Amino acid sequence: MKHTISVLLQNRPGVLSRVTGLFSGRGFNIESLCVAETLESDVSCLTLVTTGDNFIIEQITKQLHKLIDVIKVTDISDKEYVEREMVLLRVKADANTRAEVLRVVDIFRGKVVDVSPKSYAVEITGSASKIQAVIDILRPLGIKEIVRTGTIAMARANKG
Amino acid sequence: MKKITGSQAIVKCLQEEGIKTLFGFPGGAVLDLYDQLYDADIQHVLVRHEQGAVHAADAYARVTGEVGVALLTSGPGATNGVTGIATAYMDSIPIVILTGQVPTPLIGNDAFQEVDIVGITRPCTKHNYLVKTSADLVPTIREAFHIARSGRPGPVLIDLPKDVVAGMISYPEKKPIRMPNYQPTYEPHIGQIAKACKAILASSRPVLYVGGGVILADAHTELIELATRLNIPVTMTLMGLGAFPGSHGLSMGMLGMHGTYAANMAVADCDLLIAVGARFDDRVTGRLDAFARNAEIIHIDIDPTSISKNVKVNIPIVADCKYALTAINNWLNSETIPKPGDASARHQDWLATINQWKTDHPLSYKDEGDIIKPQYVVEKLDELTQGEAIITTEVGQNQMWAAQFYKFNKPRRFVTSGGLGTMGFGLPAAIGAKIAFPDRHVIDIAGDGSIQMNIQELATARQYKCPVKIAILNNGYLGMVRQWQELFYDKRYSSTIMDTAPDFVELARAFGAVGLRAVRKSEVVPVIKEALATDNVVIMDFKVAKEEGVYPMVPAGKATTEMLLV
Ligand SMILES: Cc1ncc(C[n+]2csc(CCOP(=O)(O)OP(=O)(O)O)c2C)c(N)n1
Ligand SMILES: [Mg+2]
C-alpha cells in the first residue's frame, strides 16, 4: 500500500542523508521525496511517498522517529489529506498538435510557461493521479522532457 | 570572562562528564588535544591500532556501565576505528568517539588525511556530529554524552576540525540538556503493565527470554525478583548472560543457534514468552514462523523499533527494563498472589518438563583421554576463578564455548561482540575491562585465528601493566567456519586451515609477556593456576581437539527445535 509520510526535521547539514540512508540501509522503498524549509528556518518539512504493508510502514515511522534530528513523523495517509505534485513538461507543438496540446493543458487547468517554435513547456499541478493522467494523454503527442517535484501533502483541518 | 582554547575546553568537559580514561592514538589532526592531555588529570591509554582503542573503550563501558571514550586522529585513524564503532552500535554500548578532522577551510578538498567520517559512520552510530565552530564544542560534547548513555545506548561520534579545536572560547556553564525531540520513554504504560501481569498470572508455561537490555538497564535484581517469586524459568541471549545467575535452578542457559536443548524446547513449547531487553535476533529465533509459535508474547524494550520488528508481539511495553520490571513486581505485590515464599507451588509440571530436558540433553562433550577438549578448558577457567572473572571473547567456537561453559552469575562479567561478531575484539576488550577493574581477573577466551587480528595490543597491555590473561583454544582452524564447512560443504575446508600460526609462547615472550602451553589434559589446570598467579600478561596456548564442534546447533534457517546434538 502507498503511504504518504510527513516528517518535520531539524534543518541541519546531513539530515537528509540520515533519512535516505535509513531507507537504503533497511531496504525500504522511496517513491518520491520532497523537502524544504518551514516558517521556521531551522525546521524542514519532508514529504515522502513509500509503499509497504502495515508491518513495514510501522517500522519506517518508528525508525524515522528514532533519528535524533527528527521532530515529528505523521503518516498522513491515515487521515483525510490533500496532496499536490507539480510537473513541468516540454511537449512537441507543431502546426498539427499545437491546438490539441493547449486544449489538454486547459482541461487540466495547466499553464504554458515557455513557448518555442517547436514546443511548449507546460506546468500542471494536482494529485499524483491527475499528473499521471496528463502524462498519459500528452505522451502520444510527444513529450520531450519531464520534471516532477514529487508529492507534498497536508492533513485536512479537523471539521468544526 | 577568561577565554580558553578549544582543546582545554574539551578536556575540561570530559572531566565534567566523569571521564578518567581515554583510549586513543595520536596524529596530526589531534596534536592540540594531545598537548592538552600531556599534563591533564586524565589517563590516556595508547593502543597500537585504533580498532583496539574503540574496543577497549567499549569494554570499559560494558563492565562499568559508564560511557567509554576513544580519541582518534583524522583519516586512517578514524577509519581504523569504524569496526569498533559498528561493534558497539550493534550491542548498544555507550561510547563517545572523538576524531580529529582537517581544518574547516580544507574540508571537502581531499586534504591530507581527510575522510568524511561523519558520512562513513552515519549508519553505525546512534548519532554523530561535525563541530563547525569552537563555541559549539562544549554543548556538542555534552549532548553527545547524553545521547550515548540515555535511552537505548549507543556510540556517538564527534568530528573535530583542527581549527575548531584551536579556537578560543569562554567555557559555557553546565546547564540541563534540553532536547525536546529526543525523549526516550523510561516509564512503562501502566495499562500495559497490568495486562502483562494478568497474562503472567494466567500462564502455566511461561518463559523469561532475557537480553542485553536488562544488563544495560542494571535490572538484574528486578529480574531475579520476578523470576524467583513466580518460579518462571529464564533463558538468556548471548548478550544477556549474567543478567540471571547461570547456576540458579531456574536458569536454562542460553537459547538460539547454540543454545541449550532445554531453552530451545521451552521457548518452542511455552504459552507465554516474556521478552525483556532482547530483540528477536535471527541467531535467537531460527526460522521465524516456528519461534514460540504457541505463545502469547510480552515484549519489554526501550527502543520502539525493536518491538514487532521480527516477531508479532501481543503485549508491547516500551520502557526501560528496570522501570518496567519494577512496575510488574509492584503490581504483583499489590495482588493476592503467592508471595516469594510460596513460589515453589507454581508451574510444577512445567518445571518438571524442563528439568527432564535438562537431564536428557545437558550441555556436554565427549571426553577423549588426554586430548584437551576446549569445553574442558572453559570449565576449568570457571572453576579456578569461582565464576568471578571478567571473561572477554574473540569470535567463533571459542566464544560459544565461553558462553556455554562459563557460568555467569553476575551481570557485566561477560564481554563479547554479539551483534557484529567481531574477531579481534577480545584482547583490546580485556584491556579496557582490566583498566576499569584492576583487581579482577580478566581473561580473553580466544581462538587462534581471532587473536591474530589484534595481537599488537599485547604491547598496550604490557605498557599499562594490565595483566590480562589470554586463553587460546588453539584448534589450528578458523573453527566455526570449518564447522559449517564440515556440516554443509562436504568438509571442503576452503581457507579455514590455520596451521601456519606463530608459536604463541615465543610470541608472548617477544612482547615481554609470559607464554604457557598445554598439550595434554593433565596440563590444563596447572597452566591456568600458573597464569592466574602470574602478575603479568599471560598467553595460555591450549592445543585443543582440532575438529571439535559446538553443539547443540540449529542450522541457519531451521526451527530452533531442530537441533543437532553432541
Ligand atoms: C573480522 C571478522 N572476520 C571474519 C569473521 C567470520 N568468522 C566467524 S568465526 C571465524 C573463525 C574464527 O576462528 P578462531 O578465532 O580460530 O576461532 P574458533 O572458531 O576456531 O574458536 C570467522 C573467520 C568474523 N566473525 N569477524
Ligand atoms: Mg581456531
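So, here is what we can say about the structure in this document. The residue numbers shown here count from 1 along each chain, following its written sequence. To label them, take the chains in the order written and letter them from A, then take the ligands in the order written and number them from 1. The model is predicted, so local features are restricted to residues of pLDDT at least 70 and side-chain atom pairs to those at 80 or more, both for listing and for counting; the totals for chains, interfaces and linings are taken over all residues. Side-chain figures throughout are based on the complete set of non-hydrogen atoms in the structure, without hydrogens or water.

Time to look at the site of ligand 1. All names here are of chain B. By nearness alone, 17 residues border ligand 1, and Gln397, Gly421, Gly449, Ser450 and Gly479 come closest of all. In this structure, Met423 approaches ligand 1 through a main-chain N or O atom, which is 3.4 Å from a nitrogen atom. Side-chain atoms alone can form a polar contact between residues adjacent in sequence; in general such a contact is a pair of N or O atoms within 3.5 Å, and within protein one must be able to donate a hydrogen while the other accepts it. Contact between ligand 1 and Ser450: an oxygen atom at 2.6 Å from a side-chain N or O atom of the residue. Summarising the interface, the protein chains cover 76% of the accessible area of ligand 1, which totals 580 Å² for the free molecule. Comment: elements are numbered from the N terminus, with helices defined as DSSP H or I runs of at least four residues and strands as E runs of at least two. For the shell around ligand 1, the secondary-structure elements that each account for two or more residues are helix 17 (397-405) and helix 20 (479-488). Residues are grouped as follows: nonpolar covers Ala, Val, Leu, Ile, Met, Phe, Trp, Tyr, Cys and Pro; charged covers Asp, Glu, Lys and Arg; every other residue, Gly included, is treated as polar. Each residue belonging to the shell around ligand 1 can be placed in one class, and the counts come to seven nonpolar, nine polar and one charged. Proximity criterion: a residue is near a molecule or strand once any of its heavy atoms comes within 4 Å of it. Note on areas: Shrake-Rupley, 1.4 Å probe, and residue coverage restricted to the protein chains presented here.

Residues and elements named next belong to chain A. Each salt bridge in this description consists of a side-chain nitrogen of Lys or Arg and a carboxyl oxygen of Asp or Glu lying within 4 Å of one another. Applying the stated criterion across every chain, the model contains 36 salt bridges over all chains. Arg90 serves as the salt-bridge partner of Asp114, at 3.6 Å between the closest nitrogen and oxygen. Residue Asp114 is located in strand 6 (residues 111-115), and its partner Arg90 is located in strand 5 (residues 81-92); the two are separated by 24 residues in the primary sequence. One salt bridge connects Lys111 with Glu123, and the closest N-O pair in it is separated by 4.0 Å. In this pair, Lys111 is assigned in strand 6 and Glu123 in strand 7 (residues 119-126), connecting sequence segments twelve residues apart.

Looking now at the coordination of the magnesium ion (ligand 2). All names here are of chain B. Donor atoms are limited to N, O and S found within 2.8 Å of the metal ion, a distance that becomes 3.2 Å for Na, K and Ca. With water left out, some sites might look partial. Taken together, Asp448 (OD), Asn475 (OD1) and Tyr477 (O) make up the full set of protein donors to the magnesium ion (ligand 2), lying 2.1 Å away. Read in sequence order, the donor residues coordinating the magnesium ion (ligand 2) give the pattern D-x26-N-x1-Y. Remark: Asn475 occurs in the loop between strand 18 (469-474) and helix 20 and Asp448 occurs in the loop between strand 17 (442-447) and helix 19 (457-463); sequence separation between them is 27 residues. Considered together, Asp448 and Asn475 belong to a single accessibility category, that of buried residues. Only protein chains enter the area calculation, which uses a 1.4 Å probe; residues under 20% of their type maximum are buried, those over 50% are exposed, and those in between are partly exposed.

To continue, consider helix 11 (residues 220-230) of chain B. Residues and elements named next belong to chain B. Residues of helix 11 that are buried: Glu222, Leu223, Leu226, Ala227, Arg229 and Leu230. Should any heavy atoms of two residues lie within 4.5 Å, those residues are considered in contact. Buried residues belonging to helix 11 abut helix 9 (190-202), strand 9 (206-210), helix 10 (212-216), strand 10 (234-236) and helix 14 (321-334). A positive backbone phi angle near 60 degrees is found at Asn231, which sits one or two residues after helix 11.

Turning our attention to the pairing of strand 15 (residues 390-393) of chain B. All names here are of chain B. Of the two faces of strand 15, the one holding Ile390 and Thr392 and the one holding Ile391 and Thr393 are both buried throughout. Sheet topology note: the strand 15/strand 17 ladder contains four bridges and is parallel. In the strand pairing of strand 17, Thr393 is matched with Ile445. Of the strand pairs in this sheet, strand 15 and strand 16 (residues 414-415) are connected by two bridges, and their pairing is parallel. Residue pairing in the sheet places Ile391 in a bridge with Phe414 of strand 16. If you view a crossover with the strands going away from you and the path from the first strand over the helix to the second runs clockwise, you call it right-handed. Taken together, strand 15, helix 17 and strand 16 constitute a β-α-β crossover, and its handedness is right-handed. We treat two strands as partners when DSSP finds at least two bridges between them.

The subject of this paragraph is the packing of helix 9 of chain B against helix 14 of chain B. Residues and elements named next belong to chain B. Between helix 9 and helix 14, whose axes approach to 10 Å, the crossing angle comes to 65 degrees. Classified by chirality, the crossing of helix 14 by helix 9 is right-handed. Together, Ile193, Ala194, Cys197, Lys198, Ile200 and Leu201 of helix 9 and Ala324, Ala327, Ile328, Trp331 and Leu332 of helix 14 make up the contact between the two elements. Across the contact of helix 9 with helix 14, the residue classes break down as ten nonpolar, no polar and one charged. Every angle, taken between N-to-C directions, lies between 0 and 180 degrees, and every axis is a line fitted to C-alpha atoms, over only the stretch in contact when it is a helix. Left-handed describes a crossing whose near helix is turned anticlockwise from the far helix through less than a right angle; right-handed describes the clockwise counterpart.

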